[in-house]
Amino acid sequence: MRKMDEMEMYISLKSIKIAWFYTIAFLFIWLVYEHVTKSKFGLPFFLFITQNVILIISQFIIKHRMVDNNEK
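Residues numbered from 1 in each chain as written. Predicted model: local features only at pLDDT ≥ 70, side-chain atom pairs only at ≥ 80, totals over all residues. Heavy atoms only, no water.

K.L.:
Describe helix H1 (residues 6-38), naming the residues involved and giving the relevant values.
P.N.:
Relative to the 48 Å expected for 33 residues at 1.5 Å per residue, H1 spans 47 Å between its end C-alpha atoms, a close match to the ideal helical length. Those residues of H1 that sit buried are Ile24, Leu27, Leu31 and Glu34. Looking at the packing, one finds that the buried side of H1 touches helix H2 (43-71). With a side-chain oxygen lying 3.3 Å from the backbone nitrogen of Met7, the N-terminal cap of H1 falls on Asp5. Once H1 ends, the next one or two residues include Ser39, with phi positive near 55°. (Helix = DSSP H or I, 4+ residues; strand = E, 2+ residues; numbered from the N terminus. Expected span 1.5 Å × (residues − 1). Buried < 20%, exposed > 50% of the residue type's maximum accessible area, 1.4 Å probe, protein only. Contact = heavy atoms within 4.5 Å. Polar contact = N/O pair within 3.5 Å; in protein donor to acceptor, adjacent residues only side chain to side chain.)

K.L.:
I'd like a description of the layout of surface pockets, backed by residues and values.
P.N.:
Of the pockets and cavities examined, the largest pocket occupies roughly 170 Å³. Lining the largest pocket are Leu13, Ile16, Lys17, Trp20, Leu55 and Gln59. Elements supplying a minimum of two residues to the lining of the largest pocket: H1 and H2. Sorting elements by how many residues they give to the lining of the largest pocket places H1 first, with 4 residues. (1 Å grid on protein atoms, 1.4 Å probe; cavity = no way out; pocket = protein on both sides within 12 Å on 5 of 7 lines; lining within 4 Å. Points joined across faces, edges and corners; volume = space filled by probe spheres on them.)

K.L.:
Tell me about the environment of Ile29, and name the residues and values.
P.N.:
Along the chain, Ile29 turns up in helix H1. Sequence spacing of Ile29 and Pro44 is 15 residues, and the spatial spacing of their C-alpha atoms is 9.0 Å.

K.L.:
Any chance you could break down the packing of aromatic side chains for me, citing the residues and the numbers?
P.N.:
Taken as a whole, this structure holds 4 aromatic pairs when the rule is applied. Judged by centre distance (6.0 Å) and plane angle (35°), the ring pair of Tyr22 and Phe26 falls under tilted. Placement of the pair is Tyr22 and Phe26 together in helix H1, with a separation of 4 residues, close to one helical turn. On the basis of relative accessible area, Tyr22 is assigned to the exposed category, the value being 55%. Centroid distance Phe41 to Phe45: 4.8 Å. Interplanar angle 35°. Geometry classified as tilted. According to the relative accessible area criterion, Phe41 is partly exposed, its value standing at 48%. Using a relative accessible area of 35% as the deciding quantity, one classes Phe45 as partly exposed. Through pairs of rings, three or more aromatic residues link up here, namely Tyr22, Phe26 and Trp30. (Phe/Tyr/Trp six-rings, centres within 6.5 Å; stacked < 30°, edge-to-face > 60°.)

As structure tokens, this is what we get:
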């Protein structure tokens, strides 16, 4: 597998952001619909929360590792 150039990297990251936003929007709409119709939080709520928690934790870990590598 070859390393992507800057344009390919930009396209890839932009596509990932669009797909992530679609997933978040879909889960949020599903979550609201399920809460309104069944008055409970189910699988969409769990997926919505855990996906965002994993995103925040992974960003924190990666930033922390990059700072540690730059200081050495």
